Amino acid sequence: MDQKIYVFDTTLRDGEQVPGCQLNTIEKIELARSLEALKVDIIECGFPVSSPGDFNSVVEISKNVTNATICALTRAVERDIEVAAEALHYAKRGRIHTGIGTSDSHIRYKFNSNREEIIERAVKAVKYARRFVDDVEFYAEDAGRTDNEYLARVVEAVIAAGATVVNIPDTTGYCTPWEYGEKIKYLINNVPNADKAILSTHCHNDLGMATANTISGVMNGARQVEVTINGIGERAGNTSLEEVVMTLKCRKDLPFYTDVDAKQIYKNSRLVSTLMRMPVQPNKAIVGRNAFAHSSGIHQDGVLKNRESYEIIDPMDVGVNDSVIALTARSGRAALNHHYERLGIHLTPEELDGAYEKFLSLADTKKDVNDSDLLIIVGVNRNEAARKIRLKFLQVISGKGSVPMATVKLNIDGEICTATSSGNGPIDAAFQAVKQLVNRKIVVEEFLVQAITRGSDDVGKVHVQVENRGNLYYGFSANTDIITASVEAFVDAISKFI
Ligand code: KIV
Ligand code: ZN
């Protein structure tokens, strides 16, 4: 029988520690609800003693989440544990996650202490936490660089003190998969009471091995994985939830399963990226924009004949609507025909031959051949000059203490239309005004601003991805005024389907 692996999501704690990724309580509740719908088992949502904001978030998430266990982090300090217990008051199932550094480097430099004293402090913290909750997880910080014999003594002592889960973090992302797996195996074989608790992985990605280490940990006896959506987290990040869950799902030869509803993965990835303003790298496994995009002719032909030729995961299984057959100079006729069919244009074999020749010469000079280009190739006129919608005028009012307002004038098919709207910022206000004018259901899926150089007089490049009726459209603009660039990019994306 396959064994269950508990999924412990720490996007709201370890992930949220990333500079610039801080969320307010409302956003945290939204994400916690979405993680619950994803069916993770445990949601770690803060370090309550660290700030009133963290405290409050743990309280509010506890009130709003029903099925998942709510976990709060502490140091091995009584005050931390008391505050965490208070924050978890409303949790249907609450867990305190307490711990202390166990590597010689942490013991000597961080705590100016010795191994025996650290065991005493660990035991005391676990016992104290058990006074408040039945579910106590202990973390041996920097376990990745902790001597295995000593680590086994710590683990035995905290389990005897009442820890229900023992976390073995590779805090610095130093371990190799073999080494990390051996560490877990060593603990399972050498800690006499190891069967009384669950061992957990918690791997950082400094050497790009977090997922491999986590899987190795599971294969050697760990039954809980600590992960974040999109792998966000300190420095190079934590183990990514989507990679671990899909490895366990897709590798049928591994005797493990999780309760995660994989179809919710992409939605959660987008939500984290949007809320934390942290773009996902295009080639990120499972959730990157190119994760299911095929560009070479041989691959495209293979996928169109049978997607399993080059796909180990059906994109639909993670909530992505379809794989992308990207059109590049390496694409073949099958890919081109696939796109014409998608646009509702049915070509005879001779027409396809003619279109393919034109397409190849265009693809040699243009990196991204889009739908407008395809239409032009077969004589349907919808080129840039004939664009039906253009930004004519933009004025925004924003600043401390004022409600952001924007007035937008668009030229839509020769007619000048004006709208004014407010928003949570000048860009949001302008986007709302544009939406009023085009009167379509448009969802902004991605919004990315990049500076070209570094000065305040820099040109900002803006990429926008919007969704309309299940299709995605990209827009781009560059301007020294990033609000103008943003609205132009938004209008550029909209012009692709209007
Ligand atoms: O990486 C780490 O060691 C941690 C602990 C606090 C669990 O995040
Ligand atoms: Zn961590």
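Residues numbered from 1 in each chain as written. Chains lettered and ligands numbered in written order. Predicted model: local features only at pLDDT ≥ 70, side-chain atom pairs only at ≥ 80, totals over all residues. Heavy atoms only, no water.

With respect to the overall build of the protein
Stage number 1. Secondary structure summary: the protein contains 16 helices and 18 strands in total.
Stage number 2. Counted over contacts in the protein with a minimum sequence separation of 6, partners at least 24 positions apart contribute 63%.
Stage number 3. Across the protein, the 57 positively charged side chains and the 66 negatively charged ones have centroids separated by 3 Å. (Helix = DSSP H or I, 4+ residues; strand = E, 2+ residues; numbered from the N terminus. Contact = heavy atoms within 4.5 Å. Lys, Arg positive; Asp, Glu negative; His and termini not counted. Charge placed at Lys NZ, Arg CZ, Asp CG, Glu CD.)

Section: a nonpolar patch on the surface
Stage number 1. Together, Ile 397, Val 403 and Met 405 line one region of the surface with nonpolar side chains, adding up to about 270 Å² of accessible area.
Stage number 2. Looking at the element boundaries, Met 405 is found in strand β14 (residues 405–412). (Patch = residues over 30% accessible without salt bridge, like charges linked within 9 Å, V, L, I, M, F, W, Y side chains within 5 Å. Areas by Shrake-Rupley, 256 points an atom, 1.4 Å probe, with all protein chains shown as cover. Salt bridge = Lys/Arg side-chain N within 4 Å of Asp/Glu carboxyl O.)

Description of the packing of aromatic side chains
Stage number 1. In the structure shown here, the tally under the stated rule is five aromatic pairs.
Stage number 2. On the basis of an interplanar angle of 45° and a centroid distance of 4.7 Å, the ring pair of Tyr 473 and Phe 497 is categorised as tilted. Of the two residues, Tyr 473 sits in strand β18 (residues 471–479) while Phe 497 sits in the segment after α16 (482–495), which places them 24 residues apart along the sequence. Exposure class is identical for Tyr 473 and Phe 497. Each is buried.
Stage number 3. Site record: aromatic cluster; members linked through ring pairs are Phe 431, Phe 447 and Phe 490. (Phe/Tyr/Trp six-rings, centres within 6.5 Å; stacked < 30°, edge-to-face > 60°. Buried < 20%, exposed > 50% of the residue type's maximum accessible area, 1.4 Å probe, protein only.)

Re the site of ligand 1
Stage number 1. In the vicinity of ligand 1, the contacting residues are Arg 13, Asp 14, His 97, Tyr 139, Glu 141, Asn 167, Pro 169, Thr 171, His 202 and His 204.
Stage number 2. Contact between ligand 1 and His 202: an oxygen atom at 3.1 Å from a side-chain N or O atom of the residue.
Stage number 3. For ligand 1, an oxygen atom lies 3.0 Å from a polar atom in the side chain of His 204.
Stage number 4. Relative to its unbound accessible area of 260 Å², ligand 1 is 92% covered by the protein chains.
Stage number 5. Listed by contribution, the elements that provide at least two residues to the shell around ligand 1 are β6 (135–141) and β7 (165–170).
Stage number 6. Split by residue class, the shell around ligand 1 holds two nonpolar, five polar and three charged. (Near = heavy atom within 4 Å. Polar contact = N/O pair within 3.5 Å; in protein donor to acceptor, adjacent residues only side chain to side chain. Nonpolar A, V, L, I, M, F, W, Y, C, P; charged D, E, K, R; others polar.)

A word on the coordination of the zinc ion (ligand 2)
Stage number 1. The coordination sphere of the zinc ion (ligand 2), as far as protein atoms go, consists of Asp 14 (OD), His 202 (NE2) and His 204 (NE2), spread over 2.0 to 2.1 Å.
Stage number 2. In the primary structure, the donors to the zinc ion (ligand 2) are separated according to the pattern D-x187-H-x1-H. (Donors = N, O, S within 2.8 Å, 3.2 Å for Na, K, Ca; no water.)

Describing the packing of helix α2 (residues 52–64) against helix α3 (residues 78–87)
Stage number 1. It is at 8 Å that the axes of α2 and α3 come closest, and there the two elements cross at 35°. Along the contact surface, α2 presents Phe 55, Val 58, Val 59 and Ser 62, while α3 presents Val 83, Glu 86 and Ala 87.
Stage number 2. Grouping the constituent residues of the contact of α2 with α3 by class yields five nonpolar, one polar and one charged. (Axes fitted to C-alpha atoms, helices over the stretch in contact; angles between N-to-C directions.)

A word on unusual backbone geometry
Stage number 1. For Asn 230, which is not a glycine, the phi torsion comes out positive at approximately 65°.
Stage number 2. Accessibility expressed as a relative area gives 12% for Asn 230, which makes it buried.
Stage number 3. One non-glycine residue, Arg 277, lies in the positive phi region at around 50°.
Stage number 4. Among the structural elements, Arg 277 can be located in the loop between α10 (265–275) and β11 (293–294).

A word on the sheet that holds strand β4 (residues 69–73)
Stage number 1. With respect to topology, eight strands assemble into a closed barrel ordered β2-β3-β4-β5-β6-β7-β8-β9, the strand pairing being parallel. Ignoring which end each strand starts from, the neighbouring axes of this sheet average 25° apart.
Stage number 2. Of the strand pairs in this sheet, strand β5 (residues 94–101) and β6 are connected by seven bridges, and their pairing is parallel. Counterpart to Thr 98 in the pairing with β6 is Phe 138. (Pairing = 2+ DSSP bridges.)

Overview of the pattern of salt bridges
Between side chains of opposite charge, a pair can form as their charged atoms come close.
Stage number 1. Counted under the stated rule, the structure contains 30 salt bridges.
Stage number 2. Between Arg 153 and Glu 116 there is a salt bridge; the shortest N-O distance is 2.8 Å. Here Arg 153, found in helix α6 (residues 148–160), pairs with Glu 116, found in helix α5 (residues 115–130); they are 37 residues apart in sequence, far enough to count as distant.
Stage number 3. For Arg 235, the salt bridge is made with Asp 206, and the minimal N-O distance between the two is 2.6 Å. Here Arg 235, found in the loop between β9 (224–227) and α9 (241–250), pairs with Asp 206, found in the loop between β8 (198–203) and α8 (210–219); they are 29 residues apart in sequence, far enough to count as distant.
Stage number 4. Three or more residues joined by partner-sharing salt bridges are found here, namely Arg 270, Arg 289, Glu 445 and Glu 446.

Notes on the pairing of β18
Successive side chains on a regular strand alternate, one facing one side of the sheet and the next facing the other.
Stage number 1. Relative to β18, strand β17 (residues 460–468) is paired through nine bridges, and the arrangement is antiparallel. Note on β18: the bridge partner recorded for Val 462 is Ser 477.
Stage number 2. Two successive antiparallel strands, β17 and β18, enclose a turn made up of two residues, where Arg 469 displays a positive phi of approximately 50°.

A look at the side chain of Asn 230
Stage number 1. Tracing the backbone shows Asn 230 in the loop between β9 and α9.
Stage number 2. Within the structure, Asn 230 has its side chain in polar contact with the side chain of Ser 269 (distance 2.7 Å).

Structural notes on the domain arrangement of the protein
Stage number 1. Taken domain by domain, the protein comprises domain 1 (3–275), domain 2 (293–382) and domain 3 (385–494).
Stage number 2. Computed from C-alpha coordinates alone, the two centres of domain 2 and domain 3 are separated by 29 Å. (Domains from an automatic or database assignment.)

Here's the deal with the confidence of the model for the protein
Stage number 1. Within the protein, residue pLDDT values average 92, and 96% of them lie at 70 or more.
Stage number 2. Low pLDDT, under 50, characterises residues 381–385; the stretch is placed with eight contacts to residues that sit more than four places away or in other chains. (pLDDT = per-residue confidence, 0-100.)

Comments concerning the state of the cysteines
Stage number 1. Counting across every chain of the model gives zero disulfides.
Stage number 2. Free cysteine: Cys 71, not disulfide-bonded; nearest cysteine sulfur from Cys 45 at 7.7 Å.
Stage number 3. Sulfur of Cys 203: no disulfide; nearest cysteine sulfur belongs to Cys 175 and is 7.4 Å away.
Stage number 4. The class for Cys 203 is buried, based on a relative accessible area of 0%. (Disulfide = S-S within 2.5 Å.)

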